[in-house]
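# Structural features, examined
So you can see what is in the structure, the chains are spelled out below.
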Amino acid sequence: MENYQGSVSINTENIFPIIKKWLYSEKDIFIREIVSNASDAINKLKKLIAVGEANIDADEWKIEVTVDKDAGTITVFDNGIGMTEDEVIKYINQIAFSGAKDFLEKYQDKTDDAQIIGHFGLGFYSAFMVSDKVEIDTLSYIEGAESVHWESTSGMDFVMNKSDSEERGTYITMHIAEDSKEYLDGYKLKDTLLKYFSFLPVNLYFTDVQEEEKKEADRQKKAEEAKEKGELVQDVIDVPTPINNVMPLWAKPVKDCTDEEYKEFYKTLFHDYNEPLFWIHLNTDYPFNLKGILYFPKLKSQYDTLEGEVKVYYNQVFVADNVKEILPEYLMLLKGAIDCPDLPLNVSRSFLQNDGYVNKISAHITKKVADKLTGLFNTDKDNYLKYWDDINPFIKFGCLKDEKFYDKVKEAIVYKTTANEYFTIDELGDTNAIHYTDDLVQQAQYINMYKDSDVKIVVLNGPLDNHFMSYIEYKNPGKVKFVRVDADVTETMKDSSGDITQETLDNISNTLTDDFKKVSANDKINVKAESMKTSIPAIVLLSEESRRMQEMAKMYGGLGFRMDDDVTIVLNAKNKSVQKLMELKANGSDQEKSELICEQIYDIAMLAHKPMDAENMTRFIERSAKILDMFSE
Ligand code: ADP
Ligand code: MG
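Residues numbered from 1 in each chain as written. Chains lettered and ligands numbered in written order. Predicted model: local features only at pLDDT ≥ 70, side-chain atom pairs only at ≥ 80, totals over all residues. Heavy atoms only, no water.

Taken as a whole and judged by the stated rule, the model has 31 aromatic pairs. Taken together, the ring pairs connect Tyr196, Phe197, Phe199, Trp250, Phe265, Tyr313 and Phe318 into an aromatic cluster. (Phe/Tyr/Trp six-rings, centres within 6.5 Å; stacked < 30°, edge-to-face > 60°.)

Pasting the structure below:
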């Protein structure tokens, strides 16, 4: 072969700043592109063999990545199809470079990075972004082919001549530039390889030349030491092992996968030693190809923010995490891997054209997830209920985000009660007043009053529950209504066992209204009296509507909404302090004492209703101490 020189008519000064800017944020891309090309080269040859157009028996298909820090090079070798001289001219000099040229022409004025990446992958060319010089040594599979050497320092001018490579396939040698030296670090490079190629379908080997030399030196030293001591030297030969797993679990037929394998795979994917709760193995051939496993993770605590991770692969090559075009937001709360070989990826692989196909994938996955949930609910309810605490934030978020998802899973939504039982909405009884608590500690007094009744109190204390309740009410107009336990005095809370008459009750409220207006500093407070099943002297009620308005106001910046108008204090006619207060009022004696009792009753009621501020708390504690002193005298 003659020496062949040429140049590509691209203006270096223009193109590099643009591409470098892009690569700066995703520099790893170069290794993904070069190794992907190696994998493509092997696939091409395999296909030719399969159709009888090539007659080769390869004992092993492989890609070898070698880093040599001293030489400053990274080499990627594959024993795939190789290239003839004509092919190098065509595919590298003309096509690969013309991609770069198009890129320059169309995008030199554009600054939107995403758009640039979206339209051009610069595959082979990306090697120049980290290299001062790139060499190709390649030998085509075609019988009698001659090997070709190609090199280029600028990415613009190249030289081609005869190579001395004797192995079928292609070596790409990248002489790493000063500003990309970090890739010469064996750990960093291996990590990057594992990120993209953990599941590459062809064996991938990694060698760090200096690391190997160190190992070899160690081995010799040990051997010599052993020899000096007169011990027998066992020569251990390191059999190189691929760093990847060519058969990820998702590629295995569903019927051959065991629970242990699913759990193990989860561990290797996420290094999460908490076992997943359950999983969905996706495996579709028609109308599109989609494989993958989605796991429902276990929450570490109830208030854990959900943070999923769904890795997207393209023919077992990693593309990106949480690709929002493929997965609805709430599905990204799951963990797992999906492989979509039909994705309309552009050459740069990381960007998707959002077309109908992608929507179909998304709809398919949503349906599978909903089917899994309702399936578990219908056939394995005990376990489903066990999982509920972990999966409910996901389900609720999904319902709030996607009406279709809600429609599919609504039958499988359950509510947990204060007695740790789970019921569907229909099983709860009167759905027009589903009592709930959002704070088991704060509202314990109210909850207690329901203790002996049939009324079920559901616990809705998650970060999404407020929205979720409103959503369920909105989806079931006139049918479902949630009321917090401290919203009203229900029949259940009343104690009709004694002989306290309505007259007595009216008398209490009439007598004490002014006093409680005073201690509450709220002119509009309603004062009522009831015989109640609690031992405490009074409870405070705030209607559900007012409380929600208040919460909304808080959320949207507290626009001066006052709750005062709608607060009720219900005095417990059965309570001794209330009775004592009535006595003191009747004979008009000991003004100071009756005030003290009033204040204390009010504070105790407020304490069970909402957190106290510092000032009130100080006063409450001081007063309590005073009462204790009085009691001790
Ligand atoms: P693409 O891979 O999308 O075709 P690239 O710029 O990555 O674009 O590569 C350009 C072409 O160079 C490839 O299509 C292929 O024909 C050739 N090529 C690159 N790397 C190899 C390789 N390792 N073995 C054989 N051919 C290769
Ligand atoms: Mg490529």
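Structure's up, so let's keep going.
The strand order E19-E21-E20 describes an open sheet built from 3 strands, whose pairing is mixed. Two strands in the sheet have a free side with no partner beyond their single neighbour: strand E19 (526-530) and strand E20 (538-542). Geometrically, the sheet is characterised by an average inter-axis angle of 25° between neighbouring strands, direction not taken into account. The pairing of E19 with strand E21 (residues 567-572) spans 5 bridges and is classified as parallel. Each bridged residue has a counterpart across the sheet, and for Val527 the counterpart in E21 is Ile569. Contacting E20 and E21, helix H16 (residues 591-607) runs over the sheet at an angle of about 50° to E20. (Pairing = 2+ DSSP bridges. Helix = DSSP H or I, 4+ residues; strand = E, 2+ residues; numbered from the N terminus. Axes fitted to C-alpha atoms, helices over the stretch in contact; angles between N-to-C directions. Contact = heavy atoms within 4.5 Å.)

For the bond from Tyr286 to Pro287, the omega torsion is 0°, close enough to zero to count as cis. Checked against the element boundaries, Pro287 lands in the loop between strand E9 (278-284) and strand E10 (290-296). With a phi close to 50°, Asn315 is a non-glycine residue in the positive phi region. Within the secondary structure layout, Asn315 lies in the loop between strand E11 (309-314) and strand E12 (317-321). The phi angle at Asn420 is positive, at roughly 60°, despite the residue not being glycine.

A few words on the confidence of the model for the protein chain. Chain-level pLDDT for the protein chain is 86 on average; 87% of the residues reach the 70-or-more range. Across residues 110-120, where pLDDT falls below 50, the model places 26 contacts with residues more than four positions away in sequence or in other chains. A low-confidence stretch, residues 346-350 (pLDDT under 50), is modelled with 22 contacts involving residues beyond four sequence positions or located in other chains. (pLDDT = per-residue confidence, 0-100.)

This part takes up the pattern of salt bridges. In the structure shown here, the tally under the stated rule is 40 salt bridges. With its nearest N and O atoms 2.6 Å apart, the salt bridge here joins Arg548 to Glu473. Residue Arg548 is located in helix H14 (residues 544-555), and its partner Glu473 is located in helix H12 (residues 465-475); the two are separated by 75 residues in the primary sequence. Residue classification places Arg548 among the buried residues on the basis of a relative accessible area of 15%. By relative accessible area, which is 13% here, Glu473 ends up buried. Note that Glu530 and Lys494 form a salt bridge whose closest N and O atoms lie 3.8 Å from each other. Here Lys494 lies in the loop between strand E18 (482-484) and helix H13 (502-520) and Glu530 lies in strand E19, a separation of 36 residues in the sequence. One salt-bridge network, in which partners are shared between bridges, spans Glu473, Lys481, Glu544, Arg547 and Arg548. (Salt bridge = Lys/Arg side-chain N within 4 Å of Asp/Glu carboxyl O. Buried < 20%, exposed > 50% of the residue type's maximum accessible area, 1.4 Å probe, protein only.)

As a packed pair, helix H15 (residues 576-586) and H16 sit with axes 10 Å apart at the nearest point and diverge in direction by 150°. The pairing of H15 with H16 is recorded here as roughly antiparallel in orientation. Note that H15 runs across H16; the crossing there is left-handed. Contacts between H15 and H16 involve Ser577, Val578, Lys580, Leu581 and Leu584 on the former and, on the latter, Lys593, Ser594, Ile597, Cys598 and Ile601. Of the residues contributing to the contact of H15 with H16, the split by class is 6 nonpolar, 2 polar and 2 charged. (Parallel < 35°, antiparallel > 145°, perpendicular 65-115°, else oblique. Left-handed = near helix turned anticlockwise from the far one by under 90°. Nonpolar A, V, L, I, M, F, W, Y, C, P; charged D, E, K, R; others polar.)

So, about a nonpolar patch on the surface. Taken together, the side chains of Met552, Met555 and Tyr556 define a hydrophobic patch exposed on the protein surface, amounting to about 370 Å² of accessible area. With respect to the helices, strands and loops of the structure, Met552 is situated in helix H14. (Patch = residues over 30% accessible without salt bridge, like charges linked within 9 Å, V, L, I, M, F, W, Y side chains within 5 Å. Areas by Shrake-Rupley, 256 points an atom, 1.4 Å probe, with all protein chains shown as cover.)

A regular strand places its side chains on the two faces of the sheet in alternate fashion. Burial of strand E13 (residues 335-339) is extensive: 5 of the 5 residues sit out of reach of the surface. With burial as the criterion, each face of E13 is covered, one bearing Lys335, Ala337 and Asp339 and the other bearing Gly336 and Ile338. By the bridge criterion, 5 bridges tie E10 to E13 in an arrangement that is antiparallel. Among the inter-strand pairings, Tyr295 is bridged to a residue of E13, identified as Lys335.

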